[in-house]
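As a plain string of letters, each chain reads:
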Amino acid sequence: MSEGKRTNAIPPDTLATILESAVLAPSSHNTQPWRFEISETGVSLFADRLRALPVNDPDDRELTISCGCALFNLRVAAAHAGFNAHCALLPDPGDEDLLATVTFTPASGSEGRQSELFQAITRRRTYRKRFEPKQVPSNVLSILEESAETEGAWFQVLDSEHARHQVAELVAEGDAAQWSNPSWRRELAAWMHPRRKGDGLTVPGMVAPVAQLVVRTFDMGNGVGAKDRQLADESPVIAALGTAGDGVEDWLKAGQALERVLLRSLGQGLQASYLNQPIQVAVLRPKLQHLLGHSGFPQILLRLGFPATDLPAAPRRNLQEVVENSDARDIKAKQASRR
Ligand SMILES: Cc1cc2nc3c(=O)[nH]c(=O)nc-3n(C[C@H](O)[C@H](O)[C@H](O)COP(=O)(O)O)c2cc1C
């Protein structure tokens, strides 16, 4: 596209920075199931269903939530660069892969730059280790509740010991169900890669084939369940994030709410990881719903706390693999010149 015809308000290198932030979003099994197309007016976000997890996530619910997380990062990075991002969710009923279109207009003044959220994008990690044995103040939890509500979702902390313990039991039950299914184990093994692949769950190159073979072959549900039960039991906070409905638009909202909660958490020194098994295993989801006593649908179950150590960032694919169309060439050139 020539400069003369360009109506996209954002210069290409700024757009590259914004898209670099978008792809730092979390995604199930680190599949990064998104594609971006740059149009004359902005950016379109597509689901990349070649990266779906049909056993773990048969309805592409988590895939859509992951794309919602990327959309939230994109919005934050745009605001930080001085642009308002106007999002239309599911704008074309004839194209179910088109999840959102985003148009940009210059923002006036320096307010609303969302610096705290923006800084958190590169520092967020899925923290699967034990947290520091330190309470999370209740005002921080209120901030997280408000964050989810801002994006049209709810965030409910499980505060009684009894409820937390019951959730920990459901997590262990979910582990047992998932690991007993050879198709689920094969799918997990297929996403265990050496780091250089740029996606998936990182396993050192030397041991990757052995690790994949072990996961494919052995039902380790009891061991994993016991470990997850303990992690859940001793986590400073367990909380569910949910939505009123359970359709594609709700999942996109859940993703944006999740990422807002995660980035806000980081501003308070917290990291998080996932205990999604009771939502992923269909027969357990109503039990979790009952336990929460909240109307609507739990979409994500989180544990949160203060991290005991820093973790390296999980790998990401390069922008050229996820950005399409002619303007992407500008972005690729910018990205190459930064290396
Ligand atoms: C919708 C969704 C579901 C996820 N489910 C799990 C999960 O069940 N267990 C887990 O350990 N991590 C889960 N994750 C975290 C991803 O594995 C993680 O985001 C990915 O490996 C990239 O790492 P990072 O978050 O540190 O950047 C989930 C993430 C998303 C967005």
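Source: prediction; values computed, not measured.

In this section: the nonpolar core. Among soluble globular proteins, nonpolar side chains are generally buried collectively. One finds L19, W34, F36, L74, F104 and F155 to be the most contacted residues of the largest nonpolar core, which totals 64 residues. Among the elements that take part in this core, helix α2 (residues 61-80) stands out by supplying 11 residues, more than any other. Two domains each put at least three residues into this core: domain 1 (3-122 + 315-338) and domain 2 (138-180 + 219-305). Not counting residues up to four positions away in its chain, the partners in contact with W34 are V23, A25, P26, S27, L45, F46, D48, S66, C67, A70, R317 and V322. Counting 17 residues, the second-largest nonpolar core is a separate cluster that includes A163, V167, I238 and L301.

The next thing to look at is the site of the ligand. In the vicinity of the ligand there are 19 residues, among which R124, T126, R128, N276 and R316 approach most closely. In this structure, an oxygen atom belonging to the ligand sits 2.8 Å away from a side-chain N or O atom of R124. Separating an oxygen atom of the ligand from a side-chain N or O atom of R316 is a distance of 2.7 Å. Taking 620 Å² as the accessible area of the ligand by itself, protein coverage stands at 89%.

Once that is clear, we can look at the domain arrangement of the protein chain. The extent of an interface is frequently quoted as the accessible surface area lost upon association of the parts. Its domain assignment divides the protein chain into domain 1 (3-122 + 315-338) and domain 2 (138-180 + 219-305). For domain 1 and domain 2, the distance between their C-alpha centroids amounts to 25 Å. Counting the surface lost from both domain 1 and domain 2, the interface buries some 2,100 Å², and carbon and sulfur atoms represent 65% of this. Of all residues in domain 1, R61, I65 and F72 bury the most surface against domain 2, accounting for 27% of the area lost on that side. Inspection of the domain 1/domain 2 interface yields 2 salt bridges. Note that R75 is salt-bridged to E151, the shortest N-O span being 2.9 Å. Applying the counting rule to domain 1 against domain 2 returns 6 residue pairs in polar contact (both at pLDDT 80 or more). Elements with a contribution of two residues or more to the side of domain 1 that touches domain 2: α2 and α3 (115-123). For the side of domain 1 that touches domain 2, the element with the highest residue contribution is α2, accounting for 10 residues.

Here we come to a nonpolar patch on the surface. A cluster of nonpolar side chains, contributed by V210, V214 and F218, occupies part of the molecular surface with about 260 Å² of accessible area. Its place among the elements puts V214 in helix α7 (residues 208-217). In this structure V214 comes out as partly exposed when scored by relative accessible area, which is 30%.

Next up on the list: the packing of helix α4 (residues 138-150) against helix α9 (residues 248-267). Relative orientation of the contacting elements α4 and α9 amounts to 150 degrees, with a least axis distance of 8 Å. Relative to α9, α4 is oriented roughly antiparallel. In this structure, the crossing between α4 and α9 has a hand that is right-handed. Taken together, the residues of α9 that come into contact with α4 (itself represented by I143, L144, S147, A148 and T150) are A257, R260, V261, R264 and S265. Residue composition of the contact of α4 with α9, grouped by class: 5 nonpolar, 3 polar and 2 charged.

Within an α-helix, residues lying three or four positions from one another point in the same direction, as the helix has 3.6 residues per turn. Its 20 residues place the ends of α9 29 Å apart at the C-alpha level, agreeing with the 28 Å of an ideal helix rising 1.5 Å per residue. Of the residues flanking the end of α9, it is G269, one or two places downstream, whose phi is positive at about 90 degrees.

The next thing to look at is the sheet that holds strand β5 (residues 154-157). Strand order in the open sheet made by the 4 strands is β5-β8-β10-β9, with antiparallel pairing throughout. Whereas interior strands pair on both sides, the edge strands pair on one side only; in this sheet they are β5 and β9 (271-274). Strand-to-strand twist across the sheet, computed as the mean angle between neighbouring axes with direction ignored, equals 35 degrees. Strand direction decides the pairing type here: β5 and strand β8 (residues 237-243), joined by 4 bridges, are antiparallel. Residue pairing for β8: Q156 is matched across the bridge by A240. Its contacts with the sheet put α4 on β5, β8 and β10 (297-305), and the angle it makes with β5 is roughly 155 degrees.

Moving on, we come to the packing of aromatic side chains. Following the criterion strictly, the structure yields 2 aromatic pairs and no others. Seen in terms of ring centroids, Y127 and F131 are 5.3 Å apart; in terms of plane orientation they differ by 20 degrees. Their pairing is stacked. The exposure class assigned to F131 is buried, which follows from its relative accessible area of 10%. Pairing W179 with W184 gives two aromatic rings, centres 5.4 Å apart and planes at 65 degrees, and the pair type is edge-to-face. Exposure remark for W179: the relative accessible area of 7% places this residue in the buried category. A residue is classified by how much of its surface remains accessible, and W184, at 8% relative accessible area, is buried. If you follow R35 out to its NZ or CZ, it ends over the ring of F46, 4.6 Å from the centre.

Rules used in this analysis
- Residues numbered from 1 in each chain as written.
- Predicted model: local features only at pLDDT ≥ 70, side-chain atom pairs only at ≥ 80, totals over all residues.
- Heavy atoms only, no water.
- Core = buried A, V, L, I, M, F, W, Y, C linked by side-chain atoms within 4.5 Å.
- Buried < 20%, exposed > 50% of the residue type's maximum accessible area, 1.4 Å probe, protein only.
- Helix = DSSP H or I, 4+ residues; strand = E, 2+ residues; numbered from the N terminus.
- Domains from an automatic or database assignment.
- Contact = heavy atoms within 4.5 Å.
- Near = heavy atom within 4 Å.
- Polar contact = N/O pair within 3.5 Å; in protein donor to acceptor, adjacent residues only side chain to side chain.
- Areas by Shrake-Rupley, 256 points an atom, 1.4 Å probe, with all protein chains shown as cover.
- Buried area = accessible area lost by both parts, 1.4 Å probe.
- Salt bridge = Lys/Arg side-chain N within 4 Å of Asp/Glu carboxyl O.
- Patch = residues over 30% accessible without salt bridge, like charges linked within 9 Å, V, L, I, M, F, W, Y side chains within 5 Å.
- Axes fitted to C-alpha atoms, helices over the stretch in contact; angles between N-to-C directions.
- Parallel < 35°, antiparallel > 145°, perpendicular 65-115°, else oblique.
- Left-handed = near helix turned anticlockwise from the far one by under 90°.
- Nonpolar A, V, L, I, M, F, W, Y, C, P; charged D, E, K, R; others polar.
- Expected span 1.5 Å × (residues − 1).
- Pairing = 2+ DSSP bridges.
- Phe/Tyr/Trp six-rings, centres within 6.5 Å; stacked < 30°, edge-to-face > 60°.
- Lys NZ or Arg CZ within 6 Å of the ring centre and 35° of its normal.

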